[in-house]
Amino acid sequence: MNIENTVALVTGANRRIGAALVEALLERGASKVYAAARREGDLGTIPSKTDRRIVPVHLDVTNAAHLARVAGQAGDLQLLFNNAGVLNFGSVLDAPSTAFSQNFDVNFYGLLYATRAFAPALTRNTGAVVNILTLVALASMPSLGVYNASKAAAWSLTQSLRGDFAKRGVKVFSVFPGAVDTDMLKGVEMPKTAPAHVAAEVLAGVEANQEDIFPDPMAKALYAQWTTGHKAIEHQFAAM
Ligand SMILES: NC(=O)c1ccc[n+]([C@@H]2O[C@H](COP(=O)([O-])OP(=O)(O)OC[C@H]3O[C@@H](n4cnc5c(N)ncnc54)[C@H](OP(=O)(O)O)[C@@H]3O)[C@@H](O)[C@H]2O)c1
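Residues numbered from 1 in each chain as written. Predicted model: local features only at pLDDT ≥ 70, side-chain atom pairs only at ≥ 80, totals over all residues. Heavy atoms only, no water.

Asks: Looking at this structure, I do not really get unusual backbone geometry. What am I missing?
Replies: Apart from glycine, the bulk of residues carry a negative phi angle, and the bulk of peptide bonds sit in the trans form. At N5, a position not held by glycine, the phi torsion is positive, near 65°. Looking at the element boundaries, N5 is found in the segment before β1 (7-10). Exposure remark for N5: the relative accessible area of 56% places this residue in the exposed category. Notably, N209 is not glycine yet its phi reads approximately 60°, a positive angle. Relative to the elements of secondary structure, N209 occurs in the loop between α5 (195-207) and β7 (212-213). (Helix = DSSP H or I, 4+ residues; strand = E, 2+ residues; numbered from the N terminus. Buried < 20%, exposed > 50% of the residue type's maximum accessible area, 1.4 Å probe, protein only.)

This is the structure in structure tokens:
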């Protein structure tokens, strides 16, 4: 799917990977980008925030009224980026139930209900959905156990959506980033990829019609290992 002249919407567009996706979409010639943020008018760190192709929209992905309003506004949508996400650190053995609900509300239900809300427009416009998952959806890192579970569920959901949407001509892409240099991993010392690199790789993957996108060196290397023996990755992550 070509990005040029398409109409896109990015959830969690105000910072880091979301902001980088907005920027990359503009660079590749998108005709309109709905930049969705849960604080009204928040264009955060998007570099080209004065570009006239950006349409700020107020959208908390856990809010059904917001989703209905924005879906009504964005009838021309062709490319939905489910990017909004939250992460709670800690073991599943003692994480509070609020951690589970926060992660599942945004990372799983937010993705589900946003996709449902925009499904009529995506179907009408023969569009695509791009779900920003994570490498740890493939193998769990116990120190991020709650987050991993919500993203693994979102991966399963993504596969179901791909099957369902295929009958309507709507493409579904899964993105599995490794560690990216954003607020989410602030304070975690490890090699991280820049959000702009991730965004560029995501859009290249969409244009190349690559269903599963591994947008950074860590993701590519670990996916290669995972395909040859997933237990080794499970053990490696468990030891971190
Ligand atoms: N960083 C990584 O290493 C990494 C790796 C793999 C996957 N990812 C995924 O990449 C995506 C973007 O994360 P990031 O690294 O850019 O993290 P980030 O800097 O923490 O940004 C998260 C974004 O999601 C938004 N958001 C959170 N809850 C929301 C809600 N209920 N409704 C709408 N927006 C909401 C935030 O908005 P506010 O500014 O209002 O909080 C923010 O714009 C996430 O899905 C994350 O799981 C990140």
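Asks: What is the right way to look at the confidence of the model for the chain in this model?
Replies: Caution is warranted with low-pLDDT regions, since their predicted coordinates should not be read in detail. When the pLDDT values of the chain are averaged, the result is 97; 100% of them are 70 or greater. Taking the mean pLDDT of every element in the chain, the minimum, 91, falls on helix α7 (residues 230-238) and the maximum, 99, on strand β4 (residues 79-82). (pLDDT = per-residue confidence, 0-100.)

Asks: Whenever I open this one, the pattern of salt bridges confuses me. Can you help?
Replies: Two side chains bearing opposite charge may form a pair once their charged atoms approach each other closely. Going through the model one piece at a time under the given rule, you end up with 11 salt bridges. Ionic pairing is found between D51 and R53, a salt bridge with its closest N-O pair at 2.9 Å. Judged by its relative accessible area of 26%, R53 falls in the partly exposed class. For the salt bridge of R162 with E211, the shortest nitrogen-to-oxygen distance reads 3.8 Å. (Salt bridge = Lys/Arg side-chain N within 4 Å of Asp/Glu carboxyl O.)

Asks: Quick question: what am I supposed to make of the site of the ligand here?
Replies: Neighbouring residues of the ligand: 29 residues in total, closest N14, N83, Y147, V180 and T182. In the model, an oxygen atom of the ligand is placed 2.8 Å from a nitrogen or oxygen of the R38 side chain. Here an oxygen atom of the ligand and a side-chain polar atom of T182 are 2.6 Å apart. Relative to its unbound accessible area of 900 Å², the ligand is 96% covered by the protein chains. Elements supplying a minimum of two residues to the shell around the ligand: α1 (16-27) and α4 (145-166). Per-class residue counts for the shell around the ligand are 14 nonpolar, 8 polar and 7 charged. (Near = heavy atom within 4 Å. Polar contact = N/O pair within 3.5 Å; in protein donor to acceptor, adjacent residues only side chain to side chain. Areas by Shrake-Rupley, 256 points an atom, 1.4 Å probe, with all protein chains shown as cover. Nonpolar A, V, L, I, M, F, W, Y, C, P; charged D, E, K, R; others polar.)

Asks: Teacher, can you tell me more about the packing of aromatic side chains here?
Replies: The relation between two aromatic rings is expressed through the spacing of the ring centres and the mutual angle of the planes. Considering all chains together, one arrives at 8 aromatic pairs under this definition. Here the aromatic rings of W155 and F176 are separated by 5.6 Å at their centres, their planes lie at 90°, and the arrangement is edge-to-face. On the criterion of sequence distance, the pair formed by W155 in helix α4 and F176 in the loop between β6 (171-175) and α5 is long-range, its members being 21 residues apart. There is no split in this pair, since W155 and F176 are both buried. Taking the centre distance of 3.9 Å and the plane angle of 15° together, the rings of F214 and Y223 count as stacked. Exposure remark for F214: the relative accessible area of 8% places this residue in the buried category. (Phe/Tyr/Trp six-rings, centres within 6.5 Å; stacked < 30°, edge-to-face > 60°.)

Asks: Sorry if this is basic, but what is going on with empty space enclosed by the protein here?
Replies: Think of a ball as big as a water molecule: rolled over the atoms, this probe shows where empty space is left. Throughout the structure, instances matching the rule amount to 2 cavities of 30 Å³ or more. Its boundaries defined by the atoms lining it, the largest cavity holds a volume of some 60 Å³. What lines the largest cavity is T11, V61, N82, N83, A84, V106, N107, G110, L111, A114, I132 and K151. The element that contributes the greatest number of residues to the lining of the largest cavity is helix α3 (residues 97-124), accounting for 5 residues. Here the lining of the largest cavity is composed, by residue class, of 6 nonpolar, 5 polar and 1 charged. Of the pockets and cavities examined, the second largest cavity occupies roughly 30 Å³. Surrounding the second largest cavity, L135, L138, A139, L222, W226, I233 and F237 form its lining. Listed by contribution, the elements that provide at least two residues to the lining of the second largest cavity are α6 (217-228) and α7. Looking at the lining of the second largest cavity residue by residue, the classes come out as 7 nonpolar, no polar and no charged. (1 Å grid on protein atoms, 1.4 Å probe; cavity = no way out; pocket = protein on both sides within 12 Å on 5 of 7 lines; lining within 4 Å. Points joined across faces, edges and corners; volume = space filled by probe spheres on them.)

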